[in-house]
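Residues per chain are reported as follows:
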Amino acid sequence: MKYMEYKISCIPDEESSEIMVAELADLGFESFSEYSTVDQSISGYLPAAESARYEEEIQKYLRDTGRPYERIVIADDTNWNAVWESHFEPILIEDRCYIHAPFHEKREDVAHQVVIMPKMSFGTGHHATTSLILARLLDADLKGRYGLDMGSGTGVLAILAVQRGAAHVDAIDIDRWAYENCIENIELNRVRDRITVQQGDASLLGKGEKYDFILANINRNILLSDMMHYARVLKTGGRILFSGFLEVDMGAIQRKAEELGLIPVHSALENGWALVECRKGA
């Protein structure tokens, strides 16, 4: 598949670039490179076949924000492994979870090791929204529990949940790249028998399944639109972790949750991004 790359100049700090990524994610971009401190830029990628559909909105956004950019068509035979490996560095979460690629050395001194093959899917642990949930999972009692990872990306959250004792996790992502990468990663971590991967959206839910916990690391608009589906499949007393949105959107997420009987019990912030944890009431 051909992709369109937009190489976009950023304000020279990583937090500002992350806010821009959240805004661009609503304009059709499927994935992004890490912020480059060399030329103070990031690259966003979307299928070339879809680029015409979003071009006017993208150009308006970039024009309104005054961000110079370069537009490049990427050929079908691009070695995405090489592209993503060049950006991927290991990450340590609270000295208890080490996320690394197969080509990195292991850390025998860390309790949880998660192996992620870096490709075009979200969720390597580097972004604040992912690390916020990872940190919360490290303190959660998941032994024997059944979970849902909605918008699973690489599968990193589902994998850690299983390592923390979850009996089984359903991982769902609408993106084909993410679906295939998640399967690859659960095999690398030898947890294929405890994680079921599906490609799709919230329409896959509501077929009788009930979950003890749900992880939803998705953008604000999708969370607000699909939250009713998550609430329906969460068991009474179950927990749901919402992330993928900015601090300024916490109020909207919490109000919608409360309307659906989801009681906020915990929140956390990192670099302008937020996590809200809720418990389902009776």
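Above this text sits the structure in question.
Here is a short report on the structure shown in this document.

Cut-offs applied
- Residues numbered from 1 in each chain as written.
- Predicted model: local features only at pLDDT ≥ 70, side-chain atom pairs only at ≥ 80, totals over all residues.
- Heavy atoms only, no water.
- Helix = DSSP H or I, 4+ residues; strand = E, 2+ residues; numbered from the N terminus.
- Polar contact = N/O pair within 3.5 Å; in protein donor to acceptor, adjacent residues only side chain to side chain.
- Axes fitted to C-alpha atoms, helices over the stretch in contact; angles between N-to-C directions.
- Parallel < 35°, antiparallel > 145°, perpendicular 65-115°, else oblique.
- Contact = heavy atoms within 4.5 Å.
- Nonpolar A, V, L, I, M, F, W, Y, C, P; charged D, E, K, R; others polar.
- Buried < 20%, exposed > 50% of the residue type's maximum accessible area, 1.4 Å probe, protein only.

Description of the side chain of Asp212
Thought 1: Secondary-structure assignment places Asp212 in strand S11 (residues 211-217).
Thought 2: A polar contact is formed between the side chain of Asp212 and the side chain of Lys235, at a distance of 3.3 Å.

Side note on the packing of helix H4 (residues 128-137) against helix H5 (residues 156-163)
Thought 1: Orientation of H4 relative to H5, taken along the N-to-C sense of each, is 10°, at an axis distance of 10 Å. Looking at the two axes, H4 sits roughly parallel to H5. Along its contact with H4, which presents Thr130, Ile133, Leu134 and Leu137, the element H5 presents Val156, Leu157, Leu160 and Ala161.
Thought 2: When grouped by side-chain class, the residues that make up the contact of H4 with H5 number 7 nonpolar, 1 polar and no charged.

Things to note about H4
Thought 1: With 9 of its 10 residues buried, H4 lies for the most part within the structure.
Thought 2: Here H4 has its buried residues at Ala128, Thr129, Thr130, Ser131, Leu132, Ile133, Leu134, Ala135 and Leu137.

Here we look at unusual backbone geometry
Thought 1: You will see that Glu94, though not glycine, has its phi angle at about 50°, which is positive.
Thought 2: Along the polypeptide, Glu94 turns up in the loop between strand S5 (91-93) and strand S6 (97-100).
Thought 3: For Glu94, a relative accessible area of 45% gives the class partly exposed.
Thought 4: Even without being glycine, Asp95 reaches a positive phi, approximately 60°.
Thought 5: Tracing the sequence through the fold places Asp95 in the loop between S5 and S6.
Thought 6: Asp95 sits in the exposed class, given a relative accessible area of 60%.

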